[in-house]
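Descriptive structure summary
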Amino acid sequence: MPKHIAVAGNIGAGKSTLAEQIGKYYNWRVELESVEENPYLKDFYDDMKKWSFHLQIHFLNSRFEQTRKLAQLNENIVQDRSIYEDAHIFAKNLHESGLMEKREYNNYFALYSSMIDFIKAPDLLIYLRADIPTLIKRIEMRSRDYESGIRLDYLKNLNHYYEEWISNYDLGKLLIIDVNNIDFVKKLDDLSEILTKVDRELFGMFN
């Protein structure tokens, strides 16, 4: 059966980069998150309360469509971020922070709950754990205009909900990688260690 890996983590944790490297290693299809295609992104960072619901609905729909289409391809896939993060991390954080009204959040979560019945969990979820200084450093290094307005408290809250979600994750195999003191882009040994762990989780083997 084809394998499905999802790479999860906060903004700036290195999800897209690791997904591409895993895809290259296995010669698997890589599906990256289409963040910049969300028409509400810049507006959201300028006024989070006004645009939070619109942003999250767009992400939820695009992620659902992506996941549904991937399931039909019958290919080995590495996916950048999962649909679960949209609901349990980002939408929840916006609601708990007072940036999404209760009725909008309830509407959003009802839609998510209906969608999730049609989604198969990944064979392996890789969670990239990063502290705030690491995230800020990497966000600044990539210099994306729409990320210039990200607030520190927003990143902190996301980290809190990521840890809460991961501590209760039970949909399949889970691999947690602390990326604070490693560089899997510049250091081959760091990347090799990660790939060995992925091999072990997916196939019960070492390279």
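Residues numbered from 1 in each chain as written. Predicted model: local features only at pLDDT ≥ 70, side-chain atom pairs only at ≥ 80, totals over all residues. Heavy atoms only, no water.

Things to note about the nonpolar core
Let me state the cut-off plainly: Take the buried Ala, Val, Leu, Ile, Met, Phe, Trp, Tyr and Cys residues and link them wherever side-chain atoms come within 4.5 Å; each set so joined is a nonpolar core. Relative accessibility under 20% of the residue-type maximum defines a buried residue, over 50% an exposed one, and the middle range a partly exposed one, all with a 1.4 Å probe and only protein chains included. Contact between two residues is taken to exist if any of their heavy atoms lie within 4.5 Å; hydrogens are not considered.
Among the nonpolar cores identified, the biggest contains 63 residues, and Ile-5, Ile-126, Tyr-154 and Val-198 are the most heavily contacted of them. When near neighbours in sequence (up to four residues on either side) are disregarded, Ile-126 contacts Ile-5, Ala-6, Val-7, Ala-8, Leu-18, Ile-22, Leu-175, Ile-177 and Val-198.

Regarding the packing of aromatic side chains
How we decide: Here the aromatic set is Phe, Tyr and Trp, taking the six-membered ring for Trp, and pairing holds for ring centres within 6.5 Å; pairs whose planes are under 30 degrees apart are stacked, those over 60 apart are edge-to-face, and all others are tilted. Secondary structure elements are defined from DSSP: runs of H or I of at least 4 residues count as helices, runs of E of at least 2 residues count as strands, and each element is numbered from the N terminus.
All told, the structure shown has 12 aromatic pairs when counted by the stated rule. A centroid spacing of 5.3 Å and a plane angle of 55 degrees characterise the contact between Phe-44 and Tyr-45, whose relative ring orientation is tilted. The residues Phe-44 and Tyr-45 share a single accessibility class, namely buried. Both rings, one in Phe-90 and one in Tyr-162, keep their centres 6.3 Å apart while their planes meet at 90 degrees; by these two values the pair is edge-to-face. Here Tyr-162 lies in helix H7 (residues 152-167) and Phe-90 lies in helix H4 (residues 83-96), a separation of 72 residues in the sequence. Given a relative accessible area of 0%, Tyr-162 falls into the buried group. Of the aromatic side chains, those joined through ring pairs into one cluster are Phe-90, Tyr-127, Tyr-162, Trp-165 and Tyr-169.

Focus: the pattern of salt bridges
A side chain of one charge can pair with a side chain of the opposite charge when the charged atoms of the two come close. Keep this limit in mind: What counts as a salt bridge is simple: a side-chain nitrogen of Lys or Arg found within 4 Å of a carboxyl oxygen of Asp or Glu.
Inspection of the entire model under this criterion finds 11 salt bridges. Taking the shortest distance from any N to any O, the salt bridge between Glu-65 and Arg-68 comes out at 2.7 Å. Here Glu-65 and its partner Arg-68 are both found in helix H3 (residues 48-73), 3 residues apart, which amounts to about one turn of the helix. Taking the relative accessible area as the measure of exposure, Arg-68 reaches 33% and is therefore partly exposed. Between Asp-123 and Lys-120 there is a salt bridge, with its nearest N and O atoms 3.7 Å apart. Overall, Asp-123 belongs to the partly exposed group, its relative accessible area being 23%. Linked by salt bridges that have partners in common, Arg-29, Glu-31 and Glu-75 make up one network.

Some thoughts on the sheet that holds strand E5 (residues 173-178)
Stated formally: In this scheme, strands are said to pair when DSSP sees at least two bridges between them. To get an axis, a line is fitted to the C-alpha atoms, and for a helix only the part in contact is used. The angle between two axes follows their N-to-C directions and goes from 0 to 180 degrees.
Strand order in the open sheet formed by 5 strands is E2-E3-E1-E4-E5, with parallel pairing between adjacent strands. Single-partner strands in this sheet number two, and they are strand E2 (29-31) and E5. Ignoring strand direction, the axes of neighbouring strands in this sheet form an average angle of 20 degrees. Note that strand E4 (residues 124-129) and E5 share 6 bridges and pair parallel. When the sheet's bridge partners are listed, Leu-128 is paired in E5 with Ile-177. Where H3 meets the sheet, it contacts E2 and strand E3 (77-80), and its direction lies at approximately 175 degrees from that of E3.

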